[in-house]
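Chains, contacts and geometry: an overview
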Amino acid sequence: MKEREKIIIFDTTLRDGEQSPGFTMNIKEKILFADQLIKLGVDVIEAGFPVASEGDFEAVQLIAERAGELTVAGLARTDAGDIDIAWKALKNAKHPRIHTFISSSDIHIQYQLKSTREEVLKAALEAVRYARGYTEDVEFSPMDATRSDLNYLSEMVHAVIEAGAQTVNIPDTVGYAIPSDFSRMIRHLFQHVPNIRDAVISVHCHNDLGLAVANSLAAIEAGARQVECTVNGIGERAGNTAMEEIVMAIRTRSDLFNVRTDINTKQIVPTSRLLTNITGVAVQPNKAVVGDNAFAHESGIHQDGMLKNAVTYEIMRPEDVGIAKSTLVLGKHSGRHAVLDRLEALGFKLSREELDRFIKYFKDLADKKKEIHDEDLMALVGESMYKSGDERRYKVENIQISTGMQSLPMAMVTLKDHYSGSNEVFEVAHGNGGVDAGINAVKKITGTRAYLKAFNLVAITGGSDALSEVHSTVVEKVEEKELKVFGVGVSIDISVAGIISFVDALNKLEHMKKIGKLRKDVINVSL
Ligand code: KIV
Ligand code: ZN
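On a predicted model such as this, the values are computed, not experimentally measured, just so you know.

For the rest of this paragraph, the subject is the overall build of the protein chain. The helix and strand tally for the protein chain stands at 17 helices and 16 strands. Rg of the C-alpha trace for the protein chain: 24 Å, near the compact-globule value of 24 Å for 527 residues, within the 12% margin. Expressed along its principal axes, the backbone C-alpha trace of the protein chain runs to roughly 75 × 60 × 40 Å. Of all 527 residues assigned to the protein chain, the portion counted as buried reaches 57%. Here the protein chain displays about 23,000 Å² of accessible surface, and carbon together with sulfur accounts for 51% of that area.

The following block contains the structure:
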């Protein structure tokens with residue numbers, strides 16, 4: 001049997017994923033997530049769109065410096081200025097890649113770019129040649145490829161490869177493709193572009209019709225050897241190809257696909273979990289591979305089969321995707337070593353500073369809760385790894401709530417405001433329940449006009465002493481535009497978790513407002 005060819009996993013969680021509403025991350029969170037992508041074993045990290053904002057630029061620059069053997073890509077339009085800035089951000093990477101793009105569909109050329117096919121082809125070629133002046137590793141994407149004239153697309157692919165593109169990505173920008181059709185399109189390119197084997201053919205599928213993974217698999221069958229994807233499938237609108245699904249499909253159906261990836265599949269669930277912790281957006285329970293129910297068996301017949309042999313109803317083993325089945329329960333007498341060992345088994349490697357902070361959170365929790373399970377540890381990791389406060393405007397210092405059946409709920413909240421000399425400010429407020437009172441107190445302190453749109457409780461472990469994780473959706477109207485963000489809060493008390501999640505969302509709003517303007521201009525022009 002022929003050796004399995006490698007599929008390059010190009011992760012764009014930090015670019016296409018992060019650019020979608022509500023998924024914004026600050027620099028520290030991006031770095032933390034990039035470190036996890038390195039552990040996961042992706043081949044390329046698309047770290048951002050450097051011209052879009054100073055935050056994107058800095059994140060690409062910092063990730064470039066720490067990515068080691070991984071390739072780091074930065075996105076750029078075809079303008080020389082964009083490419084210069086992308087290169088400036090990428091230049092310290094050991095393996096930098098400039099990813100430049102322009103639309104190839106007549107719809108985009110006519111209505112968005114107000115240009116002509118000839119002009120667009122010229123811009124694509126000039127951009128690839130210009131980027132090649134900086135690095136050999138240049139990727140080109142004809143945006144909206146799946147709605148483009150196939151002859152024009154073939155001509156463009158041929159020309160950009162001749163101009164030096166080493167990877168040509170075929171994006172299904174609006175999620176329009178159907179697997180059979182997409183595979184025909186990729187085959188057509190292989191048959192009609194004479195120099196096509198001088199480049200790696202990549203695919204980048206959006207999920208508007210729920211077909212992103214299916215389309216990516218169809219493209220692999222037709223010869224594509226790079227897949228662009230995101231963790232949990234996040235991304236513009238309905239999202240992108242989900243990394244965990246494409247990787248596990250290739251692996252589980254290795255009887256059909258004579259290809260492989262170098263992903264360490266045991267890191268899949270920790271990576272998914274870290275992303276939900278950072279963004280505050282949980283995946284749906286029935287989400288393939290990483291959803292809470294992905295390995296849960298409810299029906300009696302299924303349970304009976306599982307007890308006899310797991311192969312009856314499981315096509316993947318939970319441990320292969322990093323769902324650690326632990327019989328070890330930690331508690332207040334557990335030492336630093338035991339905690340560290342368990343964290344490593346779960347796939348988390350903390351720095352000394354993070355571990356110190358983690359141990360503090362762990363001890364606090366262990367004082368309140370007898371048994372600490374893996375799910376608790378994973379929730380606390382979020383707190384200790386990325387919420388160290390240095391990039392957040394507000395830090396919750398204290399929350400006290402008094403409520404009951406016959407009393408008027410009241411909360412006292414103390415916040416530290418890093419924008420005003422780290423002053424501690426406290427306020428007391430009433431409300432329709434503890435969460436409402438706490439949020440009212442936060443509103444008094446911050447003066448925010450943002451409001452809570454949705455509140456989603458995820459009880460992490462069973463029992464009345466469960467650690468609660470609350471995901472909140474918070475909205476603020478800024479210059480006629482509704483900014484929507486997600487916040488996450490973890491505490492043994494549901495109301496406290498809710499108030500923390502609201503403050504987390506406010507911090508994200510502050511961050512978005514800081515990076516918002518420039519990014520909005522860029523997005524309007526190009527994407
Ligand atoms: O969806 C798309 O077309 C993109 C390109 C920039 C590759 O994200
Ligand atoms: Zn995209």
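Moving on to the coordination of the zinc ion (ligand 2). Coordination of the zinc ion (ligand 2) by the protein is provided by Asp16 (OD), His204 (NE2) and His206 (NE2), with metal-donor distances spanning 2.0 to 2.2 Å. Between consecutive donor residues of the zinc ion (ligand 2), the sequence gaps follow D-x187-H-x1-H. Placement of Asp16 in helix α1 (residues 13–17) and of His206 in the loop between β8 (200–205) and α9 (212–221) is noted, with a sequence separation of 190 residues between them. Judged on exposure class, the residue Asp16 and its partner His206 are both buried.

Note on pairing: side chains with opposite charge can pair once their charged atoms come close. A full pass over the atoms with the stated rule returns 33 salt bridges. Of the charged contacts in the structure, one is a salt bridge between Asp255 and Arg253, with a shortest N-O distance of 2.8 Å. The shortest N-O distance in the salt bridge between Asp417 and Arg393 comes to 3.0 Å. In this pair, Asp417 is assigned in strand β12 (residues 410–417) and Arg393 in the loop between α15 (374–386) and β11 (394–402), connecting sequence segments 24 residues apart. For the pair shown, Asp417 and Arg393 are each scored as buried.

Turning our attention to helix α14 (residues 352–368). Given a rise of 1.5 Å per residue, 17 residues ought to cover 24 Å, and the 25 Å separating the end C-alpha atoms of α14 matches this to within 8%. Considered for burial, the residues of α14 that qualify are Glu354, Leu355, Arg357, Phe358, Ile359, Phe362, Leu365 and Ala366.

A few words now on the sheet that holds strand β3 (residues 44–48). Around the barrel, eight strands lie side by side as β2-β3-β4-β5-β6-β7-β8-β9; this closed barrel has parallel pairing. Each neighbouring strand pair of the sheet contributes to a mean axis angle of 25°, computed without reference to strand direction. In the sheet, strand β4 (residues 71–77) pairs with strand β5 (residues 95–103) via seven bridges, with the strands oriented parallel. Bridge pairing in β5 places Thr71 opposite His95. Its contacts with the sheet put helix α4 (residues 80–90) on β4 and β5, and the angle it makes with β4 is roughly 160°.

With that settled, the discussion passes to the domain arrangement of the protein chain. Split into domains, the protein chain comes out as domain 1 (5–279), domain 2 (296–384) and domain 3 (394–524). Listed as interface residues are 18 residues of domain 1 and, on the opposing side, 13 residues of domain 3. Surface buried jointly by domain 1 and domain 3 totals about 1,400 Å² across both partners, of which 54% is contributed by carbon and sulfur atoms. Of all residues in domain 1, Gly22, Thr24 and Ala52 bury the most surface against domain 3, accounting for 31% of the area lost on that side. One can count one salt bridge joining domain 1 with domain 3. Here Arg273 makes a salt bridge to Glu469, at a shortest N to O gap of 2.6 Å. Inspection of the domain 1/domain 3 interface yields three residue pairs in polar contact (both at pLDDT 80 or more). Elements with a contribution of two residues or more to the side of domain 1 that touches domain 3: α3 (54–66) and α11 (268–279). Sorting elements by how many residues they give to the side of domain 1 that touches domain 3 places α11 first, with four residues.

Parameters and conventions
- Residues numbered from 1 in each chain as written.
- Chains lettered and ligands numbered in written order.
- Predicted model: local features only at pLDDT ≥ 70, side-chain atom pairs only at ≥ 80, totals over all residues.
- Heavy atoms only, no water.
- Helix = DSSP H or I, 4+ residues; strand = E, 2+ residues; numbered from the N terminus.
- Rg over C-alpha atoms; globule rule 2.2 N^0.38 Å.
- Buried < 20%, exposed > 50% of the residue type's maximum accessible area, 1.4 Å probe, protein only.
- Areas by Shrake-Rupley, 256 points an atom, 1.4 Å probe, with all protein chains shown as cover.
- Donors = N, O, S within 2.8 Å, 3.2 Å for Na, K, Ca; no water.
- Salt bridge = Lys/Arg side-chain N within 4 Å of Asp/Glu carboxyl O.
- Expected span 1.5 Å × (residues − 1).
- Pairing = 2+ DSSP bridges.
- Axes fitted to C-alpha atoms, helices over the stretch in contact; angles between N-to-C directions.
- Contact = heavy atoms within 4.5 Å.
- Domains from an automatic or database assignment.
- Buried area = accessible area lost by both parts, 1.4 Å probe.
- Polar contact = N/O pair within 3.5 Å; in protein donor to acceptor, adjacent residues only side chain to side chain.

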